[in-house]
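# Commentary on secondary and tertiary structure
Chain by chain, the residues run as shown.
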Amino acid sequence: MSEIPHYLREGFITVEELRQVIELPSEERLRRRPVAIPECPQEIPCTPCKEICPTNAVLMENPNAIPIVDYEKCIGCSLCVQICPGLAFFMVHYVGDKARVTMPHELLPVPKVGEEVVLLNRVGEEVGKGKVITVVPREKSKGDTPIITVEMPIELAWDVRAVRVVRE
Amino acid sequence: MRLTEHPVLDFQKKRGRKITIYFEGQPVEAYEGETIVMALHAAGIRVLGYSVHKHRPRGLFCAIGKCSSCLMTVNGIPNVRTCITLVEEGMDIRMQQEKPILPKNAKPPEWREAEKVSGDIVIIGGGPAGLMAAINAADAGAKVILLDENPMLGGQLVKQTHKFFGKREQFAGVRGIKIAEILEEEVRKRENIEIFLETSAIMLLQDGDEKLVVGVRKNKELVEFRGKAVIVATGAMEKMIPFEGNDLPGVYGAGAIQTLMNTYGVKPGDRVLIVGAGNVGLILAYQLIQAGVEVRAIVEAMPKIGGYFVHAAKVRRLGVPILTRHTILRAEGKEKVERAVVAQIDERWRPIPGTEKVFDVDVIALAVGLRPSIELLHQVGCQIKYVPELGGHVVIRDSRMETTIRGIFVAGDSAGIEEATTAMLEGKIAGIAAALEISSASPEWLKEIEKAQKELDEFRAGPFGRKVLEGIKKVVVE
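Helix and strand counts for chain B come out as 11 helices and 28 strands. Principal-axis analysis of the C-alpha atoms places the extent of chain B at approximately 65 × 60 × 40 Å. Evaluated residue by residue, chain B yields a buried proportion of 60% over its 478 residues. The contacts in chain B between residues at least 6 apart in sequence include a share of 62% that link residues at least 24 apart.

With that settled, the discussion passes to the overall build of chain A. Check the secondary structure of chain A and you find five helices and nine strands. Taken over C-alpha atoms, the radius of gyration comes to 15 Å for chain A, in line with the 15 Å a tight globule of 168 residues would show. Along the three orthogonal principal directions, the C-alpha set of chain A runs to about 45 × 40 × 30 Å. Scored against the burial criterion, the 168 residues of chain A give a buried share of 57%. By sequence separation, contacts in chain A at least 24 residues apart represent 60% of the contacts at least 6 residues apart. Surface exposure of chain A reaches about 7,400 Å², of which carbon and sulfur atoms provide 51%.

For B:Glu224, the location among the structural elements is in strand E14 (residues 221–227). Within polar-contact distance, the side chain of B:Glu224 engages the side chain of B:Arg226 at 3.3 Å.

Turning next to the sheet that holds strand E8 (residues 115–118) of chain B. All names here are of chain B. Within the open sheet, the four strands sit side by side as E8-E14-E13-E12. Their pairing is mixed. The outermost strands of the open sheet, each flanked by one partner alone, are E8 and strand E12 (199–207). Sheet twist, expressed as the average angle between the axes of neighbouring strands with direction ignored, equals 25 degrees.

As a further point, take the environment of B:Gly173. Looking at where B:Gly173 falls in the secondary structure, it is placed in the loop between strand E10 (144–147) and helix H4 (176–188). On a C-alpha basis, the gap between B:Gly173 and B:His162 in space is 8.8 Å, while along the polypeptide they are 11 residues apart. With near-sequence residues (within four places) excluded, B:Gly173 lies in contact with A:Pro48, A:Ile83, A:Pro85, A:Gly143, B:Lys163 and B:Phe164.

It is worth spelling out helix H9 (residues 420–437) of chain B at this point. Helix length check: H9(B), at 18 residues, gives a terminal C-alpha distance of 25 Å against a target of 26 Å (1.5 Å per residue), a fit within 8%. Counting buried residues along H9(B), 17 of its 18 residues qualify, which places the element largely inside the surrounding structure.

Residue and element names in this part refer to chain B. Summed over all chains, the structure comprises four aromatic pairs over all chains. Ring plane angle 80 degrees and centroid distance 4.8 Å describe the contact between tyrosine 308 and phenylalanine 464, whose orientation is recorded as edge-to-face. Within this pair, whereas tyrosine 308 is found in the loop between strand E19 (294–300) and helix H7 (309–316), its partner phenylalanine 464 is found in the loop between helix H10 (445–459) and helix H11 (466–475), the two being separated by 156 residues in sequence. A relative accessible area of 2% means that tyrosine 308 is categorised as buried. Assessed through its relative accessible area of 30%, phenylalanine 464 is described here as partly exposed. Site record: aromatic cluster; members linked through ring pairs are Phe165, Tyr308 and Phe464. Seen from the ring of tyrosine 31, arginine 15 lies directly overhead, with NZ or CZ sitting 5.9 Å from the centre. Lysine 314 extends its terminal NZ or CZ atom over the ring of tyrosine 286, reaching a point 4.4 Å from the ring centre.

Bringing the nonpolar core into the picture now. Residue and element names in this part refer to chain B. One finds Ile121, Leu183, Phe225 and Ile231 to be the most contacted residues of the largest nonpolar core, which totals 69 residues. In terms of residue count, H9 provides more of this core than any other element does, 11 residues in total. In contact with leucine 183, not counting residues within four places along its chain, are Pro128, Leu131, Met132, Ile135, Leu157, Phe171 and Met424. Counting residues in each nonpolar core, the second largest holds 61 residues, with Met38, Leu40, Ala42 and Cys83 among its members.

Residues and elements named next belong to chain B. Running from N to C, H9 and H10 cross one another at 155 degrees; their axes reach a closest spacing of 9 Å. One finds that H9 runs roughly antiparallel with respect to H10. Viewed along their axes, H9 and H10 form a crossing whose handedness is left-handed. Contact with H9, carried on its side by Thr421, Thr422, Leu425, Glu426, Lys428, Ile429, Ile432, Ala433 and Leu436, involves Trp445, Leu446, Glu448, Ile449, Lys451, Ala452, Gln453, Glu455, Leu456 and Phe459 of H10 and no other residues of that element. For the contact of H9 with H10, the per-class residue count stands at 11 nonpolar, three polar and five charged.

So, about the sheet that holds strand E22 (residues 339–344) of chain B. Residues and elements named next belong to chain B. One open sheet holds the three strands; their spatial order is E21-E22-E23, and the pairing between them is antiparallel. Either end of the sheet is taken by a strand with one partner, and the two such strands are strand E21 (326–332) and strand E23 (357–359). Averaged over all adjacent pairs, the angle separating strand axes in this sheet is 25 degrees, with direction ignored. Taken together, the six bridges between E21 and E22 define a ladder with antiparallel strand orientation. Bridge pairing links threonine 327 to alanine 343 in E22.

Another aspect to go through is the environment of B:Lys473. All names here are of chain B. In this structure, lysine 473 sits in helix H11. By relative accessible area, lysine 473 is classed as exposed at 62%. Each C-alpha atom of the pair lysine 473 and lysine 314 lies 34 Å from the other, and the pair is 159 residues apart in sequence. At 3.1 Å, the side chain of lysine 473 and the side chain of glutamate 470 are in polar contact.

Below, the discussion takes up H4(B). Residues and elements named next belong to chain B. For H4, spanning 13 residues, the distance from its first C-alpha to its last is 18 Å, which sits close to the expected 18 Å at 1.5 Å a residue. Looking at H4, one finds that the buried residues are Gly176, Ile177, Ile179, Ala180, Leu183 and Val187. For H4, the angular spread of buried residues about the axis comes to 155 degrees, placing them on one side. In the core, the buried residues of H4 are packed alongside helix H3 (128–139), E10, strand E11 (193–196) and H9.

Let us look at the interface of chain A and chain B. In this assembly, 46 residues from chain A lie in contact with 40 residues from chain B. Roughly 3,600 Å² of surface becomes buried between chain A and chain B when both sides are summed, with 59% attributable to carbon and sulfur atoms. Our count for the contact surface shared by chain A and chain B stands at three salt bridges. We note a salt bridge from A:Glu10 to B:Arg316, for which the minimum N-O separation is 3.7 Å. Connecting chain A to chain B are 24 residue pairs in polar contact (both at pLDDT 80 or more).

Considering every residue of chain B, the mean pLDDT works out to 95; 99% of them sit at 70 or more. Interface predicted TM-score (ipTM) for the complex: 0.97; the corresponding pTM is 0.97.

A contiguous nonpolar patch, built from B:Ile202, B:Met203 and B:Leu205 and spanning about 220 Å² of accessible area, is present on the exposed surface. Position of B:Leu205 among the secondary structure elements: in strand E12.

Calculation criteria
- Residues numbered from 1 in each chain as written.
- Chains lettered and ligands numbered in written order.
- Predicted model: local features only at pLDDT ≥ 70, side-chain atom pairs only at ≥ 80, totals over all residues.
- Heavy atoms only, no water.
- Helix = DSSP H or I, 4+ residues; strand = E, 2+ residues; numbered from the N terminus.
- Buried < 20%, exposed > 50% of the residue type's maximum accessible area, 1.4 Å probe, protein only.
- Contact = heavy atoms within 4.5 Å.
- Rg over C-alpha atoms; globule rule 2.2 N^0.38 Å.
- Areas by Shrake-Rupley, 256 points an atom, 1.4 Å probe, with all protein chains shown as cover.
- Polar contact = N/O pair within 3.5 Å; in protein donor to acceptor, adjacent residues only side chain to side chain.
- Pairing = 2+ DSSP bridges.
- Axes fitted to C-alpha atoms, helices over the stretch in contact; angles between N-to-C directions.
- Expected span 1.5 Å × (residues − 1).
- Phe/Tyr/Trp six-rings, centres within 6.5 Å; stacked < 30°, edge-to-face > 60°.
- Lys NZ or Arg CZ within 6 Å of the ring centre and 35° of its normal.
- Core = buried A, V, L, I, M, F, W, Y, C linked by side-chain atoms within 4.5 Å.
- Parallel < 35°, antiparallel > 145°, perpendicular 65-115°, else oblique.
- Left-handed = near helix turned anticlockwise from the far one by under 90°.
- Nonpolar A, V, L, I, M, F, W, Y, C, P; charged D, E, K, R; others polar.
- Arc of directions from axis to C-beta.
- Buried area = accessible area lost by both parts, 1.4 Å probe.
- Salt bridge = Lys/Arg side-chain N within 4 Å of Asp/Glu carboxyl O.
- pLDDT = per-residue confidence, 0-100.
- Patch = residues over 30% accessible without salt bridge, like charges linked within 9 Å, V, L, I, M, F, W, Y side chains within 5 Å.

And the structure:
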């Protein structure tokens, strides 16, 4: 039993587990500009993130390899977040005492810029509220998936991976 | 019960003209282009008939013409597969009585009247494997006949709203529904491909050097298809598992739920329990949420999630629990599913008393695997082997997808359960190999076969391909 990783028993990965799979970017890097984070710990035959990256920052030895991002090469363009079929790429950016997390949002309604949304962690629990900073609509997304950037308290940057839009 | 808004699909554009059909004499609203059961489901009708002996209610299960749970009497004709038969204005739909009788004035078509259609290669099945086989065989110079029992091309791609994995040249990052559109367009623009929809292949025979496929179009016309080679790309059918109440209306195969909500825009229910955390179960959960349906839980008997982790993460972060080492004990309800009872299981797969949980759901989705549809291959006499790694009984074949009968090829899930990406590559190989065999293709096409074989190897090279490769070792002979 113990050889089954927690994330395969539960269906979500903890930050500690993620850290064992990929190195996380330094605080300095997170402050410089947005950086892509793959949460894709399994060897699956899939390469769109690598193929779409304009700076070859996504490293993959073979089509089944786990994507590793070279954070120095990553320019924070978000194309990987848009194309990833597993919706497993995110971008994180530290700005002052806030964090901005970019994530796919394939649900209705798509929030508007400036709208307040409920922040959800990796198991769907509400952990706070955030503000939508940018929206790339489906028509402009390279992967037919709308992506949103949400500003939140900096301590939530590594927990929040989805949002709920609540409207009257 | 019809979906109007959806993050990925636009049903307003897709729906045809509004018409009226009659269920047990009562008018039901329907839209041209949808099948009978879809219209009934949208109107809240779940019970399609009653079993003969115990009079138990019967409902939809597979929704793609593979099982027989939706048989009804339509305009007096019994045993119509209402899941693949399109609605028509004024149709009279009835639940079947015991031993349905064909009306006296309905004459079965006579054999000698059968329409005859000839080509080089007959392809049975218009899914990803069949479409790719048709495109490649046609480009390699063959005259192709393509038939499918469903009213639309695309096979199961037409309900795959998620983006595909793989390489971008193999459509990775593109939604299945879009791939269906692209492939259909490619097929339709080729003049040497003749398409027959709503046409079931009911028999595959050797007739001298020729192959004969007997088809039935729209449930009433016999058609004889003849070719020098046949490619069987008939896909797969949903597996069932035993539990109390598994025959209640509301217990659906996962694919049926996708057909309801993604192909026809009909909400399958309000609250769903999914059995099986393989890719199909996980993807289904996400698609249900997209359609505005609540997913109460996913139960999985194995101690771990079988599908891709990323699919699991997608539904977990939207609050769906995944209960590993759990199984469904029973479905409860009078005329249809009202509750599901699940329990934890021990190392020997026995339910642990006291761990029962009750979920108030109106739909139970079974995503417990698929088995290849090999009936036609079986009947014509291809050598068959039981290979659990490939989903059940499969035919022996060579690396170019040719079975033990010369000129009969197989591709896609009917050759072993895998993915649409591998189905497309196998279809390409089978299409070209068939064209080479009947001498319509030039030897340069061999390179294309080798390229596709290499891509297959690459796709199967990771840990997820291991099981399939074990299976393939058992069925591929040279």
